[in-house]
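A look at the structure
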Amino acid sequence: MMRKRLAITIGATLIVIVLAAAALAQVPHIVSVVPGQNELSVSASTSISIVFSEEMQVGTINGTTIVVRSKFGSKWPGVVGYNAPSRTAIFTPDYAFHTGDVITVTLTTGIKSFTGLPLNDSYSWSFTVEAVGGFDGVFQRDTTYAFGGAPYCIGAIDLDGDRDVDLAGGDWSPAAIYLLRNNGAGKFGGGTAYDFARHPEDICTGDFDDDGDQDLAGLSSSDSL
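First, a word on scope: everything that follows refers to the structure included in this document. Note that the coordinates shown come from a computational prediction; the quantities given were computed from them, not determined experimentally. (Residues numbered from 1 in each chain as written. Predicted model: local features only at pLDDT ≥ 70, side-chain atom pairs only at ≥ 80, totals over all residues. Heavy atoms only, no water.)

Focus: the nonpolar core
- Core analysis: the largest hydrophobic core is formed by 25 residues, its most contacted members being Ile50 and Phe52.
- Elements with a contribution of two residues or more to this core: β1 (30–34), β3 (48–52), β4 (66–69), β5 (78–83), β6 (88–93), β7 (102–107) and β8 (123–129).
- Not counting the four nearest positions on each side in its chain, Ile50 is found in contact with Ile30, Ser32, Val33, Ile66, Arg87, Thr88, Ala89, Leu107 and Trp125.
- Counting eight residues, the second-largest nonpolar core is a separate cluster that includes Cys153, Ala168, Phe196 and Ile203. (Core = buried A, V, L, I, M, F, W, Y, C linked by side-chain atoms within 4.5 Å. Buried < 20%, exposed > 50% of the residue type's maximum accessible area, 1.4 Å probe, protein only. Helix = DSSP H or I, 4+ residues; strand = E, 2+ residues; numbered from the N terminus. Contact = heavy atoms within 4.5 Å.)

Dropping the structure here:
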């Protein structure tokens, strides 16, 4: 009888200890970010830092769980590090951000605390890079590019991931979507045409399959994508 009572007592103690440890574990949240939400005139050479409320698992803080994108859609390359004593993740870009660009940072729920608890929700914020240089408000002479037979809609996006803004547009005749790639000097190469089911009314871009590349979708005049 004594042995059974002792076993029950020890078991109950272990259960209490486990439950107490679980209760002490806190769901991590974001304490602060730099640059701040909607901050303007941020240096193009800035790094990005995120302070967490809890000690985090180093292995869960990487380029997959911390995603930095330009307003033109391209994923910005960089190195992600973590400083345990300050509970701070740091993203250092491989290249300076474009002047005037709007940068969006997304933290996913793949980020976990040292105790294995993930962020409750993904977290996202944006900031604007400073515009530098002299501007006199005078526009340069226009440049004409061949673009099918009846261009109807157009969009600007970094489609090839080289951090330069490319052009994509819908053409009614023949029904197609054209891509004009930026050569890095503000000039666009000859258009590449992709057949489209019917006259494109509008186009949109986004990373629809979540592979880090920008994709295109078009709305046709036959009420279909």
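Let's pick the thread back up.
Points about the sheet that holds β7
- Taken together, four strands build an open sheet; the order of strands is β2-β8-β7-β4 and the sheet is mixed. The open sheet has two free edges, formed respectively by β2 (39–42) and β4, since each of these has just one partner strand. Put simply, the sheet's adjacent strands are angled 25 degrees from each other on average, direction ignored. (Pairing = 2+ DSSP bridges. Axes fitted to C-alpha atoms, helices over the stretch in contact; angles between N-to-C directions.)

A few points about the sheet that holds strand β9 (residues 151–157)
- The strand order across the open sheet built from four strands is β9-β10-β11-β12, with neighbouring strands paired in antiparallel fashion. The sheet terminates laterally at β9 and β12 (192–195), the two strands that pair on one side only. Direction aside, neighbouring strands of the sheet carry axes that sit 20 degrees apart on average.

With respect to the packing of aromatic side chains
- Taken as a whole and assessed by the stated rule, the structure comprises three aromatic pairs.
- Judged by centre distance (5.3 Å) and plane angle (50 degrees), the rings of Trp76 and Phe97 are tilted. Here Trp76, found in the loop between β4 and β5, pairs with Phe97, found in the loop between β6 and β7; they are 21 residues apart in sequence, far enough to count as distant. Here the two residues Trp76 and Phe97 agree in accessibility, since each one is buried.
- Measuring from ring centre to ring centre gives 5.8 Å for Tyr123 and Trp125, while their planes differ by 55 degrees; the resulting arrangement is tilted.
- Residue classification places Tyr123 among the partly exposed positions, given a relative accessible area of 32%.
- Among the aromatic residues, those joined into a ring-pair cluster are Trp76, Phe97 and Phe127. (Phe/Tyr/Trp six-rings, centres within 6.5 Å; stacked < 30°, edge-to-face > 60°.)

A look at the pairing of β5
- Note that β5 and β6 share six bridges and pair antiparallel. Looking across to β6, one finds that Tyr82 is bridged to Ala89.
- Here β5 folds back onto β6, and the loop between the two strands holds four residues, one of which, Arg87, carries a positive phi near 55 degrees.

With respect to unusual backbone geometry
- With an omega of -5 degrees, the peptide bond running from Val34 to Pro35 counts as cis.
- Topologically, Pro35 is positioned in the loop between β1 and β2.
- Positive phi is not limited to glycine here, since Asn38 has a value of about 60 degrees.
- For Asn38, the position within the fold is in the loop between β1 and β2.
- A positive phi angle, close to 55 degrees, is found at Arg87, a residue other than glycine.
- Its place among the elements puts Arg87 in the loop between β5 and β6.
- A relative accessible area of 30% means that Arg87 is categorised as partly exposed.

The values are spatial; any link to function lies outside them.
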